[in-house]
Each structure stands twice: as C-alpha cells, then as structure tokens.
Amino acid sequence: MNDHLMNTYAALPVVFERGEGAWLWDESGKRYLDAIAGLGGCALGHAHPEVTRVIADQAGKLLHTANLVRIPWQEKLGDALAKITGMDRVFVANSGTEAIECALKITRIIGHQRGFSNPGVIVMENSFHGRSLAALSATGNRKVQAGFEPLVGGFLRVPFANADAVEKIASNSNEVAAVLVEPIQGEAGIRVPETGYLKALRAICDEQGWLLIFDEIQSGLCRTGKWYAHQHEEVQPDILTTAKALANGVPIGACVARGAAADAFSPGRHGSTFGGNPLASRTACTVLNIMQSEDLNAHVEQVSARIFGAFRARLQDNPCVNDIRGRGLMIGIELDRDVNHLKTVALDQGLLLNITRNNVIRLLPPLIIDEDQADQIVDTVCNLIETLE
Ligand SMILES: Cc1ncc(COP(=O)(O)O)c(C=O)c1O
C-alpha cells in the first residue's frame, strides 16, 4: 500500500501497464485475461480504437466548460439515453453514486409535492447503491454502513425478490414516495429475481402513486443482453440510474427519468461542476453508438449461452458449487466456502476476477470477448474450483 493514499482498497499485487480488448499486460510484460473489466466499467474492452480516437480528438478541442453554458454533446447524450430507455430527461453526473443521489433528491421533491414531511423510499436487503452517505444508507449491507452513523433516514428495508413484502408496506405506511431496486443485484452475488417480480413492483407503484427506481449501474448497457436488464420484462421505471460502462472508463453516471420525476428540478436545485462535460458526454455518445452498431446485445446473448452451458456442464456435479447464476455476461458462481484467496491464485494463472460476499466468484468480462476468451475464462475458473475439492 502507498503511504500517501487513504486505506480504502486491499489492492491486488499487480500493476497493469496497458490493455487491448479483453487483455491486460503488467509491467513485466505478462498477459492477463480481464474477467472484471474495471468492475464493469470497460464493456468495450481496453483501448477500443474508436473510443481512443474520440477521446484524443475531444481532448485536443475542449475538455470542460461547466454547465454554465450549453454543452451540445451532453444534449446528444440526453437524446440517445432517452431513445434507448424510452424516458424523457437525463441528468449527467460523474459516477453511479451521484446518479443515485440525483434519483433520491427527485424522490424527496416529489414526496414533498405530495405533502409528505418525511418521504420514504423502500429499499432491498443486500442491495448496493454506492458509498455517499445517502447511497450507503440505501444500501442493504451493514459492512458498508457500520461506523458512518447517523445514517440518512427515510429508508424502509424489505427482502429482495419479494413483492409481497412491498405490498405489506403499502398497507401500513402512508409516506412512501418510491421503491428503489437493482433488477439484478450485483454486489450481493449476482442475484436474479424471478420473472414477474419487477412487473409486480410496477403494479404496486402504480396503485400507490409511488415512483419505481431501477438501479442499473451494474446491470445496464448491454451487460445482460438488453440495453437495460429490466427490458427483459418490458417494465418501465420512473427513474433509472446508469453509469459504469457508459463512457468505457471515463468517469460518468446518469439519472434518467420520465413524467413528473423528469420535471422535478428547476435551475439551482441540483448540479455538478464536471457532470456531462464535453469529454465524458462525447465519449458516452461514442460508446452507445458502438454498442448499437456492433449489435452488442446479440453478441452478449451468444457468448453468454456458451459460458453458462460450459460452466453448468463442468460444475453442476461439483460438491463445492452451490449455484451458477446470472444473465448475459453478469455471472456469479456461489461456492460453499470463503474463496477470497482465488483472486490471487487466478492472477498467477493470468486471469483477473472478482469475489463478492466472500463466496461468490463474480465475472463481468468486457462484452466484446470472443469465444476463445470465453472458453479460457471458463477453463481457468473451473480448474480453480476443482482444486477446492
Ligand atoms: C448497483 C450499483 N449501484 C451503485 C453503484 C455505485 O457506483 P459508483 O461506484 O460508480 O459510484 C454500484 C457500483 O458498483 C452498483 O453496482
């Protein structure tokens, strides 16, 4: 650890010098296959030629002006996100956490408009929404919250994937303004709810006049084979948060809204110095264009079927494996024990992967991986798991 950096991450003992597609090279020239893509931030892989060209071009023209003036690339990004999501308006921020903050602020405004003095938000057990005080208060993980009390109030917690629990609150509480949910929980170990859950939440929110907020910061942008994971169920939220892969590694986040939620703000109510600057916005427009023109969703579906098929064939009878789950290229393999040590063992073998909840191998590879790379990920992960027996 560096003496002058705050002690926030237990970083792996490796320094990457460059990347290309799904490959990374360390300082000694050793090559690694990247199965985590900067925690989902580099869906198009490293050093994508068109993304690199656009970043260099924009850096040579104009990086930043602040939102005191119009930013045409931000307006184009707003148009593109509205089209993809079927929503009305976008606020562009710098991270997923900031997108969540924006969503929560909209919820408070709408709640106050409805006459609530303490507008509440129903949130899920085991959820993750970020590390700011409001986002960690919404998060359903005591480890993330411990030591940061007093937490931001107004959150009512229910079990994930259980619409009845939400319905129960509907009959008991009268100051609820919104439901916030990840359509697929990421940090919780890639938890996919049953089909029908999101629709049931939509029905409750419609009946109660609550906003439905989908946090798709991890599950969005082709990760599951659709632009956004909720589109598998054809359910429309009122607010959607998106970030990570949106500018393929350039920091960005966005809160997308429709209806009253889209019109909640007026000038001076929310803002950001860097949010939606020309560099980040133009990069995001380029990323969305590439995802569309390369039909990345179809590619994800195809590679996903191959990976899940191979994992199930090789691991389904393995006594250490509790579950193989996920959607698209958002993959979790739950083991019957703590497997944190596998991160460094995998690294030795040239594979970068992630462990969440101590016992779930989480794979979020770049969405552009080819079949050989997919096979190599499966092979290395299965070999690692087979050494556990
Ligand atoms: C579902 C979800 N929400 C919010 C966040 C926070 O995003 P960021 O780290 O960009 O602030 C994350 C990050 O992992 C996430 O997975």
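Structure report, in brief. (Residues numbered from 1 in each chain as written. Predicted model: local features only at pLDDT ≥ 70, side-chain atom pairs only at ≥ 80, totals over all residues. Heavy atoms only, no water.)

Looking at the overall build of the protein
Going by this rule: What counts as a helix is a DSSP run of H or I of at least four residues, what counts as a strand is a run of E of at least two, and both are numbered from the N terminus. Radius of gyration: over C-alpha atoms. The globule rule applied is 2.2 Å multiplied by the number of residues raised to the 0.38 power. Residue exposure (1.4 Å probe, protein chains only): buried if accessible area is under 20% of the type maximum, exposed if over 50%, otherwise partly exposed. Any two residues having at least one pair of non-hydrogen atoms within 4.5 Å are treated as being in contact. To measure how exposed things are, a 1.4 Å probe is used in the Shrake-Rupley method; for residues, cover is taken only from the protein chains shown. Neither His nor the chain termini are counted; the positive set is Lys and Arg, and the negative set is Asp and Glu. To locate a charge, take atom NZ for lysine, CZ for arginine, CG for aspartate or CD for glutamate.
Scanning the protein from terminus to terminus reveals 12 helices and 15 strands. Taken over C-alpha atoms, the radius of gyration comes to 21 Å for the protein, in line with the 21 Å a tight globule of 389 residues would show. C-alpha atoms of the protein, sized along the principal axes, occupy 60 × 55 × 45 Å. For the protein, the residues scored as buried account for 53% of the 389 residues in total. Here the analysis covers contacts within the protein between residues at least 6 apart in sequence; of these, 71% occur between residues at least 24 apart. When the accessible surface of the protein is split by element, carbon and sulfur atoms take 49% of a total near 17300 Å². Distance between charge centres in the protein, computed from 35 positive and 45 negative side chains, equals 4 Å.

Things to note about the site of the ligand
Definition in use: We call a residue near a molecule or strand as soon as one heavy atom of that residue lies within 4 Å of the molecule or strand. For the purposes of these results, a polar contact is taken to be a pair of N or O atoms within 3.5 Å, where, inside protein, one atom must be able to donate a hydrogen and its partner to accept one; residues adjacent in sequence count only when each atom of the pair is a side-chain atom. Gly falls in the polar group here, along with every residue not listed as nonpolar (Ala, Val, Leu, Ile, Met, Phe, Trp, Tyr, Cys, Pro) or charged (Asp, Glu, Lys, Arg).
The immediate surroundings of the ligand are formed by Ser95, Gly96, Thr97, Phe128, His129, Gly130, Glu182, Glu187, Asp215, Ile217, Gln218 and Lys244. At 2.9 Å from an oxygen atom of the ligand is found a main-chain nitrogen or oxygen belonging to Gly96. For the ligand, an oxygen atom lies 2.5 Å from a polar atom in the side chain of Thr97. Its residues assigned to classes, the shell around the ligand shows 2 nonpolar, 6 polar and 4 charged.

Observations concerning the pattern of salt bridges
Defined as follows: A carboxyl oxygen of Asp or Glu within 4 Å of a side-chain nitrogen of Lys or Arg is what we treat as a salt bridge.
Throughout the structure, instances matching the rule amount to 18 salt bridges. Between Asp375 and Arg306 there is a salt bridge, with the nearest N and O atoms lying 2.7 Å from each other. Of this pair, Asp375 sits in helix α12 (residues 371-386) while Arg306 sits in helix α10 (residues 296-315), and the two are 69 residues apart along the sequence. Judged by relative accessible area, Asp375 falls into the partly exposed class, the value being 31%. One salt bridge in this structure joins Glu334 and Arg325, with 2.9 Å as the shortest N-O distance. The exposure class assigned to Arg325 is buried, which follows from its relative accessible area of 9%. One salt-bridge network, in which partners are shared between bridges, spans Arg191, Asp323, Arg325 and Glu334.

Regarding the sheet that holds strand β6 (residues 155-158)
Test applied: Two strands pair under a simple rule: DSSP has to find at least two bridges between them. For every element, the axis is a line fit to its C-alpha atoms; helices are fit only across the contacting stretch, and the angle between N-to-C directions ranges from 0 to 180 degrees.
A sheet is described by the order of its strands in space; here 7 strands give the open sequence β4-β10-β9-β8-β7-β5-β6, paired in mixed fashion. Edge strands, defined here as strands with exactly one partner in the open sheet, are β4 (89-93) and β6. Sheet twist, expressed as the mean angle between neighbouring strand axes with direction ignored, is 20 degrees. Judged from the 4 bridges that link them, strand β7 (residues 176-181) and strand β8 (residues 211-215) form a sheet pairing that is parallel. Bridging from a neighbouring strand, Leu180 pairs with Ile213 of β8. Against the sheet, helix α3 (residues 72-85) engages β4, β9 (239-242) and β10 (253-257), with an angle of about 125 degrees to β4. Lying on the sheet, helix α4 (residues 96-113) is in contact with β4, β5 (120-124), β6, β7, β8, β9 and β10; it crosses β9 at an angle near 165 degrees.

The values are spatial; any link to function lies outside them.
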